[in-house]
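Listed below, chain by chain, are the residues.
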Amino acid sequence: SWLKKRNFGDEKRRFQDKWTYAYFAVPHRLDKVMCLICKHVNAMLKDFNIKRHYDTNHKTYDKFTGEERTGKLEQLKRGYTAQQSVFTNLTKSGEAVTQASYVVAQEITRRSKPFSDGEFLRDCILKVADIVCPEQKAKLCDISLSNDTVTRRIEDLAKNLKEQLGQRMEGLGKGAFSIALDESTDISDTAQLLIFIQTVTENFEIGEELLSLESIKDRTRGVDICGAVCRSLEAYNVKLPSMVGNTTDGAPAMVGRKAGAVSLLSEKVANSGGEKLIKYHCIIHQEALAAQTLEMKHVTEIVVKTDYFLKSRGLNHRQFKTFLEQSEADFGEVIYFSAVRWLSRGATLKRFFNLRKEIREFMESKGQDFTKLNYTKWLCDLALLVDVNTCLSDLNLKLQGHGKLIYTLFDNVKEFEHRFSDFRNHEKSINLFQNPFSCVPAEEPAEMHFELIDLQESSEARAAYCDRNLIEFYKALSPATYPALLQHAIRMVSLFGSTYICEKTFSTMAINQSKLRSRLTDSHLHDVLRIATTAMEPDIRGINPRDCVLVRMFLKVS
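The rules we used
Residues numbered from 1 in each chain as written. Predicted model: local features only at pLDDT ≥ 70, side-chain atom pairs only at ≥ 80, totals over all residues. Heavy atoms only, no water. Patch = residues over 30% accessible without salt bridge, like charges linked within 9 Å, V, L, I, M, F, W, Y side chains within 5 Å. Areas by Shrake-Rupley, 256 points an atom, 1.4 Å probe, with all protein chains shown as cover. Salt bridge = Lys/Arg side-chain N within 4 Å of Asp/Glu carboxyl O. Helix = DSSP H or I, 4+ residues; strand = E, 2+ residues; numbered from the N terminus. Buried < 20%, exposed > 50% of the residue type's maximum accessible area, 1.4 Å probe, protein only. 1 Å grid on protein atoms, 1.4 Å probe; cavity = no way out; pocket = protein on both sides within 12 Å on 5 of 7 lines; lining within 4 Å. Points joined across faces, edges and corners; volume = space filled by probe spheres on them. Nonpolar A, V, L, I, M, F, W, Y, C, P; charged D, E, K, R; others polar. Phe/Tyr/Trp six-rings, centres within 6.5 Å; stacked < 30°, edge-to-face > 60°. Lys NZ or Arg CZ within 6 Å of the ring centre and 35° of its normal.

- Labelled according to an unreviewed UniProt entry, the protein chain appears under the name SPIN-DOC-like zinc-finger domain-containing protein, originating from Gadus morhua.

See the structure below:
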């Protein structure tokens, strides 16, 4: 019992070159030897074991001597090398085919196409190969793009992106994050809650990603929405004290003072040791609501009624389009008004104004009442409404888009004093972030007094502020010299200026969940939206596809 068990691995034996000529053996991996004749692998690097195998099974090969033995040895080596290259090529070819199927599945998702379109694309690829590269068609035939395969590929891609997001959240450190929330009902009457997260690390690396799509089957009260958000954050082990802000639409379940989701989240953040949550109504929603305050119903009602007459009946619509072609009008159609489309009001009014003469003539030919179109005062009101809504539409477009910091959006809406009062409440913090050289240090938080004084007295920092964009300027500041100022900048950068990304994603959801695709599950919808909205690239080479496991096992055994 006191004897130590012998471990041959500790003896560090090495393959001896003489074994190749004497026993037709070659090294295999690191610590084994393989017989070139029968491909038997011997785990013991010992002359006795290798010789015993040769004498027992291949003693007849002693007849080969001199150059004849050397030629036989080279022949066996070439056969072994060829066999290895076959398996290597099979592996590489299989990996290339698999990667190609992932790339196609990713593009299908980004274009919001049905999963079954993979088979159609495969047929197109093969027909193109017949013309362009017929010698490569056999390889392309191996690409699997069936409905089930595309589904699995999308699941794998979404899982990989989710893992990358988890790694990003783990590396957040002393950074900060904010969330944007919006809820809508899909075609199957399921309430879908979109949760987007914007993260900013200590090095000002900014990321905007879909945190989760929560399907709410029951009521959508503030407590239900808050619970869904907390579950999503816990799934990524996100620390609540790092949350800075929350942007939502104006629904009561979101912004209610006592039972609203934002209020409940703010309370949880405060209880966890975080600072007061910055909460505000989406700036684009507020702009759209502000645009509706200028109703001028005596104008809009007539425009909408006339458009309805021109487009709701097939005969009138066809005749009006023909009339516009014959009149060589600048436009060939009027635009329907839709209250839920932000830019619809301005586009409808502007098109009506540009076609007012043609509309008046056509309405006269149909015997319809068009007296208002002859009133100069009414036309002046219409022109005023067109100009105002055109300006509002231009403002709306400026507020849309990815990667827009809150201070740039705030600059565009400063004229609306009362409508954007929640942004006014944080104007001082926004101005401090936007231009730390114009503020009065004594009026700012105490922990920033000396930092601001040092910054404003530094000619080098002032030159950097003028020469660089705001993010690059803050990146260049020393964390040891300006810790409080940098933390404030990180908090401001993390804020969502609007729920534009949510509205855009809901449009993508509506395309994917149509009447023809109503059976798309909540899980697959989540996968589709994650791939369609992400700024990250999935690590396709690192994904381990489930349907290649058996092939890998076979190659490993061989």
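### Considerations on a nonpolar patch on the surface
In step 1: A surface patch of nonpolar side chains, about 330 Å² in accessible area, is lined by Val 128, Ile 131 and Val 132.
In step 2: As for its placement among the helices and strands, Val 128 is situated in helix 4 (residues 117-132).
In step 3: Val 128 sits in the partly exposed class, given a relative accessible area of 48%.

### Side note on empty space enclosed by the protein
In step 1: On inspection of all chains with the given rule, the structure shows 2 cavities of 30 Å³ or more.
In step 2: By volume, the largest cavity is sized at about 70 Å³.
In step 3: Lining the largest cavity, in full, are Tyr 23, Ala 25, Val 33, Met 34, Cys 35, His 40, Asn 42, Ile 50, His 53 and Tyr 54.
In step 4: Elements represented by at least two residues in the lining of the largest cavity include exactly strand 2 (32-35) and helix 2 (47-57).
In step 5: Its residues assigned to classes, the lining of the largest cavity shows 7 nonpolar, 3 polar and no charged.

### Looking at the layout of surface pockets
In step 1: The computed volume of the largest pocket comes to approximately 860 Å³.
In step 2: Lining of the largest pocket is provided by 40 residues; of these, Lys 276, Leu 277, Ile 278, His 426 and Arg 491 occupy positions nearest its centre.
In step 3: Among the elements of the structure, strand 7 (243-248), helix 8 (252-255), helix 9 (261-271), strand 8 (278-281), helix 18 (427-434) and helix 22 (483-494) are those that each provide at least two residues to the lining of the largest pocket.
In step 4: Ranked by the residues each element gives to the lining of the largest pocket, the list is headed by helix 22, at 5 residues.
In step 5: When grouped by side-chain class, the residues that make up the lining of the largest pocket number 15 nonpolar, 15 polar and 10 charged.

### Digging into the packing of aromatic side chains
In step 1: Scanning the model with the defined rule gives 13 aromatic pairs in all.
In step 2: A centroid spacing of 5.4 Å and a plane angle of 65° characterise the contact between Phe 24 and Tyr 61, whose relative ring orientation is edge-to-face. With Phe 24 in the loop between helix 1 (18-23) and strand 1 (25-28) and Tyr 61 in the loop between helix 2 and helix 3 (66-110), the pair connects residues that are 37 residues apart, well separated along the chain. For the pair Phe 24 and Tyr 61, one class covers both residues: buried.
In step 3: Summarising the aromatic geometry, the rings of Phe 323 and Phe 362 are spaced 6.0 Å apart at their centres and angled 45° between planes, so their arrangement reads as tilted. One end of the pair, Phe 323, is in helix 12 (residues 314-326); the other, Phe 362, is in helix 14 (residues 356-365), and 39 residues separate them in sequence.
In step 4: Given a relative accessible area of 5%, Phe 362 falls into the buried group.
In step 5: In this structure, Arg 153 packs its charged tip against the face of Tyr 102, placed 4.6 Å from the ring centre.

### Focus: the pattern of salt bridges
Where side chains of opposite charge bring their charged atoms close, a pairing between them can arise.
In step 1: Evaluated as defined, the whole model comprises 12 salt bridges.
In step 2: The salt bridge partner of Asp 522 is Lys 217, with a shortest N-O separation of 2.6 Å. Placement of the pair is Asp 522 in helix 24 (residues 522-533) and Lys 217 in the loop between strand 6 (206-216) and helix 7 (222-235), with a sequence separation of 305 residues.
In step 3: Lys 217 gets classed as exposed once you look at its relative accessible area, which sits at 61%.
In step 4: Taken together, the shared-partner salt bridges in this structure form one network comprising Lys 51, Asp 55, Lys 59 and Asp 62.

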